[in-house]
Amino acid sequence: MESSFFTISMLNGVSYGLLLFMLSSGLTLIFSMMGVLNFAHASFYMLGAYVAFTTAELVGFWPALLVAPLVVGGVGALFEKYCLRRVHKFGHVPELLITFGLSYVLLELVQLVWGRSAVNYRVPAALDGPLFTIVSSSASGLDFVWRQAPAQLCNSVDPSVVVSCTQFPAYRGFMMLVAIFMLVAVWLLLTRTRIGLVIQAALTHPETVEALGHNVPRVFMLVFGGGAALAGLAGVIGGNAFVTEPGMAATVGSIIFVVVVVGGMGSLAGAFLASLLIGVIQTFAVAVDYSLVNLFSYAGWAITPETFGYPVLRLTVSQVAPILPYLFLVLILIFRPRGLLGTREG
Amino acid sequence: MPSRRAHLNATIALAAALSCGPALAQKGETVKVAWIDPLSGLMATVGQNQLKSFQFMAEHFSKKNPAGVKFEVIGIDNKLSPQESLNSLKSAIDQGVRYVVQGNGSGAALALIDAINKHNERNPGKEVVYLNYAAVDPDLTNSKCSYWHFRLDADTSMKMEALTTFMKEQAEIKKVYLINQNYAHGHQVAKYAKENLKRKRPDVQVVGEDLHPLAQVRDFAPYISKIKASGADTVITGNWGSDLTLLIKAANDAGLNAKFYTYYGGVSGTPTAMGSAADGRVYQVSYNHYNMGGETAKLMADFKQRFNDDWYTGATYHAFALLGEAMARAKSTDPVKVAAAMEGLRFKSFNGEVEMRKGDHQLQQGLFITKWQKADAKHSYSPENTGYTFAPVKQYDAYVASTPTSCQMKRP
């Protein structure tokens with residue numbers, strides 16, 4: 001594998017993994033704190049993107065980075081207070097169903113307000129364009145140039161030397177930065193502050209915490225709102241990196257559950273690890289054009305189109321790359337049901 | 001008193017016949033058309049737009065069509081699933097519908113063809129005719145052709161024929177990369193691209209080929225870096241919907257300056273994703289484009305004003321133009337007579353005179369190659385208010401894009 005290709009793929013994998021982490025951290029927090037599997041999480045992500053789009057239209061992208069998570073967090077907190085709390089006493093299934101219903105309501109609302117086609121939510125001008133360019137030359141190896149590499153660097157004068165330039169978008173760098181900042185902030189909040197201690201204590205000993213004079217229902221409202229806000233933040237970042245349209249919640253809906261299950265239900269560190277793994281594995285799998293046919297031919301077995309199961313054997317790793325996470329999910333559920341870093345059983 | 005009632009009926013019928021004249025027996029009748037396509041799920045955006053397009057065109061053609069009939073469109077959600085399409089068809093037939101339109105996904109199209117063949121065989125006198133406005137798998141008019149199926153879009157082989165005829169003249173194309181969705185349509189695009197390029201441009205090298213699952217990929221950056229590493233200067237893709245949108249977006253981000261040859265650059269969402277970054281780099285092959293002028297320009301403007309959306313499914317126009325013309329010739333709205341009249345029918349549509357080929361029921365029509373560029377005075381229609389548009393660079397007459405058929409049609 002060519003070294004510039006390796007570098008750029010690694011960066012792509014890690015940045016996609018970090019976006020996945022941003023998407024799923026709220027889900028895993030809500031689950032670990034409240035035991036609610038929030039089916040509307042991806043809808044909060046979508047809502048974040050749309051609110052950010054409108055805010056960016058009115059006052060610019062940077063305020064939107066703050067406003068959209070707050071709005072989405074507010075919506076989440078209100079939902080917890082007026083809907084989720086009421087069905088809590090009926091058990092897990094009604095809780096799950098009400099979040100499922102919320103995902104439909106949010107989808108319809110978004111379509112009513114912003115229409116059914118994609119909106120033009122753009123990356124801010126300051127972050128548009130490449131962060132750096134990798135110039136790889138067959139004579140002098142790899143070289144990094146900040147921002148855009150000048151054209152004369154990318155065109156070789158000598159025909160025997162092959163030069164290629166690969167750009168890494170600045171916005172993907174920004175995505176990575178925000179995800180890491182978010183991870184550190186949440187971790188500090190939960191382990192180093194008073195409110196974090198109360199939240200953690202409320203999980204295991206809600207009655208004791210209540211007896212000490214803390215308002216446990218309000219703690220739960222804050223947690224749910226916070227989780228929703230994290231999804232909203234991912235929406236602000238992901239909405240313009242990808243495309244802001246009503247189908248965007250459905251596109252990420254299934255993958256975030258994979259991240260949470262693979263990482264271990266309720267483990268923030270697990271979700272982080274799982275997102276990075278999935279991002280990197282998926283990215284590199286795309287580059288592998290080998291199939292089981294190649295593998296068997298090394299072993300000396302000849303596989304022809306007449307062989308039983310040829311259509312499956314013929315599939316290359318790159319063809320199945322996007323569905324590898326689901327394979328991963330099934331394997332994890334079979335061999336390690338609590339996930340990579342999960343602490344709860346099954 | 002049966003005899004008296006029969007007498008009365010006969011009198012009314014005679015009076016009706018005398019007042020209208022036998023030539024216009026169908027005049028004033030309402031023709032119900034069932035639209036069976038996704039209104040929910042990932043492709044809902046496309047489906048919603050197309051249902052509106054059909055309803056809009058039904059209204060337009062109810063005002064003026066040679067048969068003097070009224071069209072009414074009933075939308076039924078098939079959730080992009082072949083199984084659901086069958087339920088939808090049943091519901092349509094129960095509502096007394098005799099004309100069905102569908103287009104998104106050749107899998108659903110195939111299921112409908114099968115079901116309609118069987119239904120028509122078992123229920124003589126209640127036949128249903130199926131107009132396919134967008135499912136472009138060539139098999140539907142070749143090995144799996146049916147007398148009751150009429151295709152209004154140009155199939156994959158026709159579009160690739162036009163596209164490669166255009167590429168033949170582009171000397172800068174040296175290395176081509178194929179990226180497609182891993183199902184019938186994507187396979188067909190890749191297959192015809194390779195065959196046609198070998199025939200027309202043997203010097204062009206296919207440096208890579210990818211098939212990815214339909215509507216599963218969120219991050220196309222890895223594919224783009226693979227394309228980049230292959231050194232391709234041109235990408236051919238049959239992707240549609242979010243798969244094309246995200247692909248082009250990732251290409252823009254990574255600064256890949258290869259040219260893209262697409263089938264569905266104009267479909268909901270994609271214009272926004274292309275924006276200014278794709279200026280001059282994306283081509284599209286289609287039987288229509290945004291800047292056709294004339295009647296189409298007025299219809300597009302009306303559509304945009306009413307729905308704040310773009311009318312890009314031109315086959316919705318074909319559908320009612322064809323039905324109206326055929327009903328006038330058949331002097332009836334009975335699907336059996338209308339189907340017979342549609343065979344070999346030549347009629348005027350927005351892209352010139354078109355013909356419904358008798359041998360396989362594939363509409364023969366001219367195709368356009370268009371290029372994504374800044375909207376200007378001459379090409380002023382700007383989809384999704386992007387400020388950019390697809391401007392025509394080449395027009396091919398029907399015979400250039402026409403491909404042979406292997407259809408052995410069973411006629412009733």
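Residues numbered from 1 in each chain as written. Chains lettered and ligands numbered in written order. Predicted model: local features only at pLDDT ≥ 70, side-chain atom pairs only at ≥ 80, totals over all residues. Heavy atoms only, no water.

As a reminder, the rule being used: UniProt positions are given in the numbering used here, feature names are shortened, and annotations may be inferred rather than shown by experiment.
Identification of chain B as Branched-chain amino acid ABC transporter substrate-binding protein from Caldimonas brevitalea is taken from an unreviewed UniProt entry. UniProt, in its Sequence similarities (unreviewed entry) section for chain B, records the words "Belongs to the leucine-binding protein family."

Named according to an unreviewed UniProt entry, chain A is ABC transporter permease originating from Caldimonas brevitalea. In its Sequence similarities (unreviewed entry) section, UniProt records this for chain A: "Belongs to the binding-protein-dependent transport system permease family. LivHM subfamily." UniProt's Subcellular location (unreviewed entry) comment on chain A is quoted here verbatim: "Cell membrane".

## What to know about a nonpolar patch on the surface
The following threshold applies: Residues enter a patch when their relative accessible area is above 30% and they make no salt bridge; the linking distance is 9 Å between like charges and 5 Å between nonpolar side chains (Val, Leu, Ile, Met, Phe, Trp, Tyr). Computed with the Shrake-Rupley method and a 1.4 Å probe, the accessible areas treat only the protein chains shown as cover for residues. The working definition used for a salt bridge is a side-chain nitrogen of Lys or Arg within 4 Å of a carboxyl oxygen of Asp or Glu. In DSSP terms, a helix is any run of H or I states spanning at least four residues, a strand is any run of E spanning at least two, and both are numbered starting from the N terminus.
Side chains of Leu327(A), Val330(A), Leu331(A), Ile334(A) and Phe335(A) sit close together on the surface and give an oily, nonpolar patch of about 520 Å² of accessible area. Within the secondary structure, Phe335(A) sits in helix α15 (residues 324-335).

## Observations concerning the sheet that holds strand β3 (residues 99-102) of chain B
Residue and element names in this part refer to chain B. Under the convention used in this document: A pair of strands is considered paired only if DSSP assigns at least 2 bridges between the two. Think of each axis as a best-fit line through the C-alpha atoms, taken over the contacting stretch in the case of a helix, with angles from 0 to 180 degrees between the N-to-C directions. Pairs of residues are marked as contacts when any of their non-hydrogen atoms sit within 4.5 Å.
The parallel open sheet is built from five strands, whose spatial order is β2-β1-β3-β4-β5. Each end of this open sheet is capped by a strand with a single partner; those strands are β2 (70-77) and β5 (149-151). Neighbour-to-neighbour, the strand axes of the sheet open up by a mean angle of 25°, direction not taken into account. Strand direction decides the pairing type here: strand β1 (residues 30-37) and β3, joined by three bridges, are parallel. Looking at the pairing, Val33 lines up with Tyr99 of β3. Taken strand by strand, helix α11 (residues 315-330) contacts β1, β2, β3 and β4 (129-132), and its axis lies near 135° from that of β2.

## Side note on the pattern of salt bridges
Residue and element names in this part refer to chain B. Quick reminder of the rule: Burial here depends on accessible area, computed with a 1.4 Å probe over protein chains only, as a share of the maximum for the residue type. Under 20% is buried, over 50% is exposed, and the range in between is partly exposed.
Under the defined criterion, the tally for this structure stands at 25 salt bridges over all chains. Of the charged contacts in the structure, one is a salt bridge between Lys144 and Asp139, with a shortest N-O distance of 4.0 Å. With a shortest N-O distance of 3.3 Å, Lys159 and Asp153 are connected by a salt bridge. Just as Lys159 is buried, Asp153 falls in that class too.

## Points about the domain arrangement of chain B
Residue and element names in this part refer to chain B. Put simply, the rule is: As annotated, the domain borders come from an automatic or database domain assignment. By buried area we mean the combined loss of accessible area, with a 1.4 Å probe, across both parts when two parts are placed together. Under this definition, polar contacts are N or O atom pairs within 3.5 Å; protein pairs additionally need one hydrogen-donor-capable and one acceptor-capable atom, and for neighbouring residues in sequence, both atoms have to be side-chain atoms.
According to the domain assignment, chain B contains domain 1 (30-154 + 293-364) and domain 2 (157-286 + 367-401). Computed from C-alpha atoms alone, the centre-to-centre distance between domain 1 and domain 2 is 27 Å. Every contact between the two is made by 22 residues of domain 1 and, on the other side, 22 residues of domain 2. Here domain 1 meets domain 2 over a buried area of about 1,800 Å², counting both sides, of which 64% is carbon and sulfur. Linking domain 1 with domain 2 are one salt bridge. Taken together, the connections running from domain 1 to domain 2 amount to seven residue pairs in polar contact (both at pLDDT 80 or more).

## Focus on the side chain of Asn252(B)
Residues and elements named next belong to chain B. Note that Asn252 resides in helix α8 (residues 242-254). On the accessibility criterion, Asn252 (17% relative accessible area) is buried. Aside from chain neighbours lying at most four places away, what touches Asn252 is Ala273, Met274, Ala277, Ala278 and Arg281.

## Thoughts on helix α10 (residues 248-263) of chain A
Residues and elements named next belong to chain A. Stated precisely, the cut-off is as follows: One fewer than the residue count of a helix, multiplied by 1.5 Å, yields its expected span.
Over its 16 residues, α10 extends 23 Å from the first C-alpha to the last, a length consistent with the 22 Å expected when each residue adds 1.5 Å. Among the 16 residues in α10, 14 count as buried, and that is most of the element. Where α10 terminates, the next one or two residues include Gly264, which has phi positive at roughly 110°.

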